[in-house]
Every structure is written in structure tokens, then in C-alpha cells.
Amino acid sequence: MKTRLRSVIILLTVILTLSSAAAAQEPPLKSIAYRLAMSRPVSHLFEVAIEVELPDELKDKALELQMPKWSPGRYAVFDFAKNVQEFRAIDGRCSTVIACAGKPTRPVTRVDDQTWSVAPSGSNMLTITYKVFANDLSGTFSQLDDRHGNYNGGCIFMYVVGHKADPVTLTIAPPKDWKIVNGRMDHAGQTEWQFPNWDIMIDTPTEIAPDWTQDDFDVDGKKYHVVVHSFGPEGGKRAALVSDIQKIVRAEVAMWGPPEFSEYTFLLHFAADDHSGDGMEHLTSTQIIEPGALAEPAIYNDMLDAVSHEFFHVWNVKRLRPFELGPWDFTRPANTRGLWVAEGFTNYYGRLMLRRAGLSDDKRFLGREAQTIKGIESAQGSKLMSAEDSSLSAPFLDDAPHSQQTNLENTAISYYPKGELVGLVMDLLIRGRTAGKSSLDDVMRRMYDEFYLKSPNNSYYLRGRGYHTDDVERVVAELGGAEFHEFFKRYVRDVQVLPYDEAFAYVGLRLVKAPASEPFNAGLALDFDDQAATIQNVRNYSPAENAGLQKNDRIVSLGGKKVTRDSWLKALARYKKGDTVPVVVKRDRRTLQKEIILGEPERYDYKIEEQPDATDSQRALRAAWLNGK
Ligand SMILES: [Zn+2]
Ligand SMILES: [Zn+2]
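None of the values given here were measured: they were computed from a predicted structure.

S.K.: Outline the overall build of the protein chain, supporting the account with residue identities and numerical values.
M.R.: Along the backbone of the protein chain there are 18 helices and 26 strands. Across its three principal directions, the C-alpha atoms of the protein chain cover 80 × 65 × 55 Å. With 629 residues in all, the protein chain has 55% of them scored as buried. In the protein chain, the share of contacts with a sequence separation of at least 24, taken over all contacts with a separation of at least 6, comes to 70%. Only carbon and sulfur atoms are counted for the fraction: they give 50% of the accessible area of the protein chain, which is about 26800 Å².

S.K.: How would you summarise the confidence of the model for the protein chain if you had to cite specific residues and measurements?
M.R.: Confidence in the prediction for the protein chain averages 95 pLDDT; 96% of positions are at 70 or higher. Low pLDDT, under 50, characterises residues 1–24; the stretch is placed with 16 contacts to residues that sit more than four places away or in other chains.

S.K.: Mind laying out the nonpolar core, listing which residues take part and the relevant values?
M.R.: Core analysis: the biggest nonpolar cluster contains 156 residues, and Phe157, Met426, Phe487 and Trp625 have the highest contact counts within it. Here the element with the most residues in this core is helix H6 (residues 339–356); it accounts for 10 residues. In this structure Met426 touches Trp340, Phe345, Leu440, Val476, Phe484, Phe487 and Phe488, once residues within four positions along its chain are discounted. Within the second largest apolar cluster, 23 residues are counted, among which are Ile535, Ala547, Val585 and Leu592.

S.K.: Report on the packing of aromatic side chains, specifying residues and quantitative values.
M.R.: Applying the stated criterion across every chain yields a total of 38 aromatic pairs. Measuring from centroid to centroid gives 6.3 Å for Tyr159 and Phe330, while their planes differ by 45°, and the two rings are tilted. Of this pair, Tyr159 sits in strand E10 (residues 159–160) while Phe330 is found in the loop between helix H5 (297–312) and H6, placing the two residues 171 residues apart along the sequence. Residue class for Phe330 comes out buried when judged on its relative accessible area of 1%. Between Trp328 and Phe330 the ring centres are 6.1 Å apart and the planes differ by 40°, which places this aromatic pair in the tilted class. The ring of Tyr300 has Lys237 lying over it, and the distance from NZ or CZ to the ring centre is 5.6 Å.

S.K.: Tell me about the side chain of Asp145, and please be specific about residues and values.
M.R.: Checked against the element boundaries, Asp145 lands in the loop between strand E8 (143–144) and strand E9 (149–151). A residue is classified by how much of its surface remains accessible, and Asp145, at 8% relative accessible area, is buried. Of note is the side chain of Asp145, whose polar atom sits 2.8 Å from the backbone nitrogen of Arg147. Those residues within four positions of Asp145 in sequence are excluded, and the remaining contacts are Pro41, His44, Asn135 and Trp178.

How each quantity is defined
Residues numbered from 1 in each chain as written. Chains lettered and ligands numbered in written order. Predicted model: local features only at pLDDT ≥ 70, side-chain atom pairs only at ≥ 80, totals over all residues. Heavy atoms only, no water. Helix = DSSP H or I, 4+ residues; strand = E, 2+ residues; numbered from the N terminus. Buried < 20%, exposed > 50% of the residue type's maximum accessible area, 1.4 Å probe, protein only. Contact = heavy atoms within 4.5 Å. Areas by Shrake-Rupley, 256 points an atom, 1.4 Å probe, with all protein chains shown as cover. pLDDT = per-residue confidence, 0-100. Core = buried A, V, L, I, M, F, W, Y, C linked by side-chain atoms within 4.5 Å. Phe/Tyr/Trp six-rings, centres within 6.5 Å; stacked < 30°, edge-to-face > 60°. Lys NZ or Arg CZ within 6 Å of the ring centre and 35° of its normal. Polar contact = N/O pair within 3.5 Å; in protein donor to acceptor, adjacent residues only side chain to side chain.

Dropping the structure here:
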């Protein structure tokens, strides 16, 4: 109660002096200076020192520092505090963990899982030091090893509670001969930065290494930097990659208009480790990690996919954003209904932009959309979880670690593919119903204009205001017609099957659904390794569930035969509806004999094909869609 009373008094003072109801609860700190060092890369320990200068009003008050539970763009809770060690508070100024060692410390109390409280001492100057373990090459986490330091600030830098809005500075001390690069470089060799607030600092992922490369290009007067750190062979492909990225930038700028920055940096890693893969959007940069090497054609194409998606986020999500996405509360997971727009539409446009950039053709683009339709329409979760529900479930879905067993495989869908299809269908319906006068491109531009460029700032963090999904619905209805209110009711907030037929017909295409040549899976999803086929999921109410099969059962035989990745669907295809298939499984140390009675076909193939009687006007509408008119 004492602290509350004090903050009320301070708040009143602030309101009286600044005449601003939106002012922080406390006066800003006089300065907050972050210093990052990495004296022992092999230890994977980043060394953080935070020098804080307190105004006189705060020098007799405890200061709390907090490690975020998650970081923007990745919605699962990871509890970054688990990798913090050796938290100390030192009176006065000492710029590095090493320089601070041995100096007199102030008492520190661990308040909760993510918060440390430093006792007041009546002095204005305080330095907090800690180390943070980081050994994941990822847009979400960080890595320090003998090859590089690569960080996402949200899992490295604590904020001062109540002062996330205050200006901060950052100084990085790289190991000898390592160079620093990020999306906010004023000059080569830079080691110091100023940021308007902590949120912008952690929005600036940074690479520190001896051997990254940089290639530059311009589009419409803006500078773009392609930074590549390759751990595998490049096969002479870097120049082609840079040229293809330029085509993507041109296609996306052509849709949106000029981006709101003077320079932008692609931070690209080719990890050559077969498992690292991630992409993360930021205001003036993106960080993308591919698991293979630049020389591998499939990896090259995956990188272009990721670039097309992440660069689209420059507008959709980083600036035009759901209301809840910035500034953030890092003490609890983010809850927003809008990720089907933020991520789903970005998935849709990421693929469409490759087509518009000339890096994909109609066949490939439509083939991929048909695959997405197959995935969503085959998923049991599609009948249970709407696009909005999926957005609200993001903390469970977005790479969340699960120790407890879940049924999410049967109950959930991802807002990425679901939102991609909502975007695809909505785009074609708007184009069709308005006879080409409007499109989803217009909706996106209108929203960017209204909510980002023209709305008054509703926080310290960024220009404009975030949107609610009601706002999206209003803009779509304004540009596409009032019947879109029904669309939102059925396909965004409820789980009805999207109106594919109407949508594709407008552009002279049709969706064809036919039973697959191997039509049964009995409701099973299997994982294969050299030893066994293990049941990874059993669909609810399926023949496999009726037979009593369970997740983690290992299949000894199906229809009397051993199963492999290539053979098991073929084995089931020899049967027909109503037939009984004997199955032997191992569950823990028991061997069980079961019988699967097959039901209706459950596997379908989807194709998007040309309508034989497509008219010229349908074809013209299609061309406008695919070419971005
Ligand atoms: Zn690197
Ligand atoms: Zn994304």
C-alpha cells in the first residue's frame, strides 16, 4: 500500500507539471545505458551491464528489473528469465560485468520468476549486471559461440519496471576483429546506439561476427542491405539471391507504396545444421535463419519464401498492427484476435508476391494454395476452431513447448494457413463482387492509411493506433460490400467451410476435390524412424480410435505386414469401406492385437484448375489479381 500511495503522489505531480494524463507513473530516469559484452564466446554467456541514473525523486525507492516472458512476433511463453544468472547491483558506475566484479553491491531481492528488486541506497547512480545464456540460432532466441553473437533483444535485455518508455542507449563491445551489424547502422564500425525506448532497442536484432558479408541495393531511393552469414557452401549464389530479394522488395513496394524507413537490413543465416529455421519481423530489419546452405536449391527457395513473408511485415504487423501488439505487457502472454490478419494475410501475400515478382508462376502459386486448402480442410481442428479462436490460442500454438500431453492436434488449427485462406477467398470475393474495382490490396492500403498513418498515436511506442478485428470488418464492408459482415460471422468467428467455389469462379478457376489414390489413413498420423512406426496422433472418432489405438503406440504390423513410410497408405488402400484390418502394436512392454474397421475415405486431393468455359472478363480479373493491378 505504501508504494501505491507514493506512485499516486508522483502521478499527481507529473500530471501537474506535464499536464499530460498519458505521462508515465514516475518521472523518467535520467539515463539508462545498456552495455553488452561477450568476453568468452565459448561459454554462450552474454554479459549485460545496465547503468541507471536516477532522478532525486527516485533515489530512495527500490528499482525493479524484469526479464520478458516472451518476445514480440513469437507468442508462446518461453520465460527468458530461466537463462539469467549472476544478477548483481552495484553502487555507482561500472561499465562491464568484469569491471563491476568486486565492487560493493546493493541488496537484491528476487520478487518473482521474472523480476529482481534492487534496494535503494540514496545515491543516484546504480549499475545492474547479469549474464544470460544463449545458444539457439533463431529469430526468437539468441546465440553466442565461437562463430558469432546473434541476438534477439527480448531474451537478452531486462527493462526497468515502469520505465520501458524511457530513452535508452546501447554500447556493444565485440570480440577482437568481430564486426557488428543491425537494422539501425549510421556508419560502419558503429558500437553505440540511442533508442527512443526499450521496445525499439529490442526490435533491433544484431549480428556480431568476423565473417558476415553485406550486399546493398536501392529501390525508389531507399537503401537495402543483405547481410549473409553462411555456415555452409554458398555455391556462388549470393549475387542471385540479392537480385531476387530486390525483385521481392519491388513487388511489395509496388503494392503498398513507399515504406516508412530510409534503410532496411535483411539479416540472413544459412545454418548448415539441418534444424535451425526461423524468421522474425522488425521495424527496419528482419532476421531469417535457414537450416541448410545457400548452395542448396531448396534452401535458396525457402529463403526467398521467408524474405517475401517477413518483408511484407514491414507494413502488416510491424506498423499496421492489431491493437494488442505494442507496446506489450511482458508479464503475460499477448492475447489478440487479429493474428489471422497479421500472420495469415502475410502468408497469403508472401506467396502471391513471389508470383508478382516473377519468382513463382501461376502453376506453383495455385498448387501451393491447393495444398494449404488440403491441410485446413483435412484437419479435424478446422471444424472446432475459428480463425479468431486460433489467434487467441497463439500462446499454445506458436512453437510452444508442451510437457503435458494435449489434444491440440485434433482441436486446433494454425492462424497461418487458416488466415492465408481467409485472405485468398476474401481477396477474390472483393474483386469478384466489385467487378475488379476493389481488392484486398485496397483493404490493406486503406487500413495502413487509417490506423497507422492518420490515427493519432495511442502510445509512446509507435505511430498511429492498433486495429481491432471490428475495424477490419468495417473497412472490408466499406470496400467490398455490406454482405461481408456475414463473411466475418461465418468464416472468421465461426468454423464454416470457406466459399471456395464462389471465390475461384470470379477468376475463371475451380477447386476440384477428389478422393486420393490412397484414400484411407484410418485417422492415424505416424512418425517413422529406422526402428519403428510410432503413432503420433489418433483422430478423434476415427477407425483407429474405435480400435483402441493410442498416441505413442508402435506399430508392429498392419494388415499382417510391417509398415514403412512408403508402404502404410498403400497397405490400407487394398481394403475398402467396412473391411477389417488387423493391427499389432507395442504399448510400453505389452503387445496388443487390434482390429481397424475402415469407414468413409478420409484422404482427398485438392487441385485449383482452369474453368474450361472461363470468359475473357474472368481471365482479366485473374490477371489483375496475380499481377497486382
Ligand atoms: Zn551469425
Ligand atoms: Zn510472419
